[in-house]
Amino acid sequence: MAFRVLRTIEAINQDARLSTDDFKSLGVTLEGDGPAMKYSATRFTFEVDGDALIALLELPLLRRLWIVQEVILAPQNLALLGSIELQLLDILRAVRRHSYKDSTMTLPPAAVAGGNCCARLFEFVDREYGGYAGQIIGLTDLLRCGHLFEKTKSRDGVYAFLGLLPQDQVSHLRPDYTKPLAEVLAIATRTAIEGNGRLSLFSEISHREGELESSGIPSWAVRVDRESGDWIDGESLPSYIPPSGRLDEIQSVAWKDTDIMLLLLQGIVVGIVVEATPPCCKDISLLGKFFNLSIDLYKAAAADHSFQVSLRALAETLIAGLSANGSRADSYDIDTMEKLLTCVSELGQPLDQSRAISDAAARCWISKVVNHCVFFTEQGRTGLGPQVMRKGDSVAVIRGAPVPVILRGHSQGFRQLVGPAYLHGIMEGEADAMLDSMRGHETVFQLR
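Residues numbered from 1 in each chain as written. Predicted model: local features only at pLDDT ≥ 70, side-chain atom pairs only at ≥ 80, totals over all residues. Heavy atoms only, no water.

(A) Summary view of the overall build of the protein chain. What the protein chain contains, in helices and strands, is 15 helices and 10 strands. In terms of overall dimensions, the protein chain is globule-like: its C-alpha atoms have a radius of gyration of 22 Å, near the 22 Å expected for 448 residues. With the C-alpha coordinates aligned to their principal axes, the bounding extent of the protein chain is approximately 70 × 60 × 35 Å. Pairs at least 24 apart in sequence give 72% of the contacts found in the protein chain among residues at least 6 apart. Total accessible area on the protein chain is roughly 20,000 Å²; 51% of this is exposed by carbon and sulfur atoms. Computed over 44 positive and 56 negative side-chain charges, the inter-centroid distance for the protein chain is 2 Å. (Helix = DSSP H or I, 4+ residues; strand = E, 2+ residues; numbered from the N terminus. Rg over C-alpha atoms; globule rule 2.2 N^0.38 Å. Contact = heavy atoms within 4.5 Å. Areas by Shrake-Rupley, 256 points an atom, 1.4 Å probe, with all protein chains shown as cover. Lys, Arg positive; Asp, Glu negative; His and termini not counted. Charge placed at Lys NZ, Arg CZ, Asp CG, Glu CD.)

What follows is the structure in C-alpha cells.
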C-alpha cells in the first residue's frame, strides 16, 4: 500500500506542478480571494487511487494535535511511508490538491478528519507560498485549528500551542490542568481577541444541542477542547464582502475590571428571528425534505403581509451566496437554485426534484445548509444560522466580527452568542453602513 500511496501523491503533485508554475501559485489557486475555500470546476484527467488516498488520510499522526507544534518548529518536515522517506509538504500538497479537484469523493469519517487537518497543516508547512508565508503565526491562527485535531486532554487544545508563541503574548495563560476548563477557554479566547484586534474567532463558534444551557462554558469561547465532527457541526459560513471589522471601536475591557466569563462588545441588532426551520441533517438524501420545510416557512412568511419576502433571496440564502467552487454565486447559479425551490413548491415529481437538486448541486454550494437552520426576521430577511438557534433570537452586527451573529437574551440581563450567521442583504457592505448610521447609539452587548 505504501507504494500505491506514493504513486498517488506523485501523480497528483505532477498535475499541480504543471498547472501552478511549479507550485508557486498553488496557494492562490486553492484559496482564491473570495469568501470561502475554492474548488475546481474540472476533475483530474487521470484516475486517482481512492483506496490509497483513504489509507493516507486515515493515518493517525495527521490528526494528532502535537503535529501542529512539530511542523511549525521543525526546520524541515520529513515523513516515512513504510521504508519510503519523503517531504511532508509533498503529502500535504497532494491531499489539498485532491480536495480542490475532487471535493465530491465519498470518504469515511476518519479520512474526512484527516483531510481537514492536512488542509490546515498545509498552510503552516508551505513556508514559501502557504497561507502564513512571511507572516507571524498568532494565537488566533492556532485556536482556529485546535478543534480539528485529536487531543489527549481537553485543555491541550490551548496549552499545546503556548510554546509556539512569545511569552509576553500569552502571559495570562500558563499550563494548569487543575484550572476549570471554562476559565481556560475564556482566557485563551479573550487573549486572542485582544492580541490581534479582531473577532475572527467568532466564525469558529459552533454549539451543539444542550451546550448553551448546560456546559458552563462562555458562549463566546472557542471550543478547542473537543474535536469537530463532520456529522455534528456545520460548515463555516462566508464572511462579509469586502471583509469588515474595526475592533478598535469596541469598548475595551481591562482584565482586572471584569468577570473573565463576561465579554462586552459593541454593535447593533439588525433583526429578530420570527420563524426558523429545524436544522438540516447531514443525510444528503434528505435535502429535498429540508427544502420543503424551507418552502413551507417561506409560504407562511409570504402570507404575513406585514413584510415582504422573496423566493430568490431564499434561494441565495440556502447556498450562503456561494457557487459550487466556492466563489460568489452569479445570477445563473441563483437561477438554478430558484428553479429547484419552484419545483419543490409546486410539488414536482420525485424524479424532477432529484434532477433539480443535481442541477443545483453542480452549480451551487448546497451543503452549506447542513447542520444549519433557515430563518426569517421580522423585516422579511432570510438567513442561515446555527443549528441551535430558535425563534426569538436576535441577529446582530458587532464591530470587529467578520459575520453577523445570532444572540440570545437571558433572564439575568446578559446575552449568549449562539453562533455565526448569513443574513441576506447585509453581506456586501451594508453592515458597515448600518453601523455608521447608528454611531453613538449602539448597544453594548454583555456576552456570557
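(B) Expanded view of helix 5 (residues 88-101). In this model, helix 5 (14 residues) spans 20 Å end to end at C-alpha, consistent with the 20 Å of a helix rising 1.5 Å per residue. Summarising burial for helix 5: 12 of the 14 residues are buried, a large majority. Taken residue by residue, helix 5 has L88, L89, I91, L92, R93, A94, V95, R96, R97, H98, Y100 and K101 as its buried positions. (Expected span 1.5 Å × (residues − 1). Buried < 20%, exposed > 50% of the residue type's maximum accessible area, 1.4 Å probe, protein only.)

(C) The arrangement of the side chain of R63 in detail. Inspection of the secondary structure assignment puts R63 in the loop between helix 3 (50-57) and helix 4 (66-73). R63 gets classed as buried once you look at its relative accessible area, which sits at 11%. With residues near it in sequence (within four places) discarded, R63 still touches L57, E58, A110, A113, G114, C117, F149 and E150.

(D) Spatial organisation of the nonpolar core. Counting 83 residues, the largest nonpolar core has F149, V158 and F202 as the members making the most contacts within it. Broken down by element, the residue count for this core peaks at 9 residues, all from helix 9 (residues 181-196). Aside from chain neighbours lying at most four places away, what touches F202 is I193, W220, L263, L265, A401, V405, L417, P420 and L447. Counting residues in hydrophobic clusters, the runner-up holds 53 residues, among them V270, A315, I357 and A421. (Core = buried A, V, L, I, M, F, W, Y, C linked by side-chain atoms within 4.5 Å.)

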